[in-house]
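Summary of structural features
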Amino acid sequence: MSQPKPLNLPFDPIDRAAESWRAHFGPSSAMAAVTSIMRAHQILLSQLDSLLKPYDLTFARYEALVLLTFSRTGALPLSKIGERLMVHPTSVTNTVDRLEKSGFVTRRPNPRDGRGVLAEITEAGRDVVRRATADLMAAEFGLSMYAEDELHQMFDQLRTLRVAAGDFPASSMRQDEGHGGLL
């Protein structure tokens, strides 16, 4: 997998910022954690987009194709795609436009809603999902430095944030052995 250019700094800039934060404002744990999450997001998105570039995909487009692959009919209303991927309708339109130009989806009228549009995955889209997924799985989605139990812990920690943000109610989590706890 192509890696972003290492910064090779002689110190941890987030830890240094946390020291300065403490001196100027007080406790810095939350600031350091959120800054670390934001940097991790940058690193992972860069790695994943780089891995998906040969397929004419970004991670956002890949997620949309996977969602369509998981749907019963291979087609979903654009509004449902936005809801499931938790993105703004404009982002969905842009994503579907790009996927359509690549030949991975087609748009068709929604038979249940005269004004609505469905995005439907094509055979080329299904093929690219299979090939791209094999590469992502081989690269462990950029998280190969973590053990399986650490990945479960990370998922659980971040799920707490998602529940607190109102993404879904804690009561809807289900027991799932594959994730080591409640889902």
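In this report, the structure presented in the accompanying data block is examined.

Conventions used here
Residues numbered from 1 in each chain as written. Predicted model: local features only at pLDDT ≥ 70, side-chain atom pairs only at ≥ 80, totals over all residues. Heavy atoms only, no water. Pairing = 2+ DSSP bridges. Helix = DSSP H or I, 4+ residues; strand = E, 2+ residues; numbered from the N terminus. Salt bridge = Lys/Arg side-chain N within 4 Å of Asp/Glu carboxyl O. Buried < 20%, exposed > 50% of the residue type's maximum accessible area, 1.4 Å probe, protein only.

1. Section: the pairing of strand S2 (residues 105-110)
Of the strand pairs in this sheet, S2 and strand S3 (residues 113-121) are connected by six bridges, and their pairing is antiparallel. Across the sheet, residue Arg108 finds its bridge partner in S3, namely Leu118. Between S2 and the antiparallel strand that follows it, S3, lie two residues.

2. Looking at the pattern of salt bridges
One pass over the structure, following the stated rule, counts seven salt bridges. Among the ionic pairs, Glu120 bridges to Arg108, the shortest N-O distance being 3.0 Å. One end of the pair, Glu120, is in strand S3; the other, Arg108, is in strand S2, with twelve residues separating them in the sequence. In this structure, Glu123 engages Arg126 in a salt bridge whose closest nitrogen and oxygen atoms are separated by 4.0 Å. Taken together, the positions of Glu123 and Arg126, both in helix H6 (residues 123-138) and three residues apart, correspond to about one turn of that helix. Using a relative accessible area of 24% as the deciding quantity, one classes Arg126 as partly exposed. Each member of the salt-bridge network shares a partner with another, and the members are Asp97, Glu100 and Arg107.

3. Section: the environment of Arg98
Mapped onto the elements of the fold, Arg98 is located in helix H5 (residues 89-101). When the C-alpha atoms of Arg98 and Asp56 are compared, they prove to be 9.2 Å apart, with 42 residues separating the residues in sequence.

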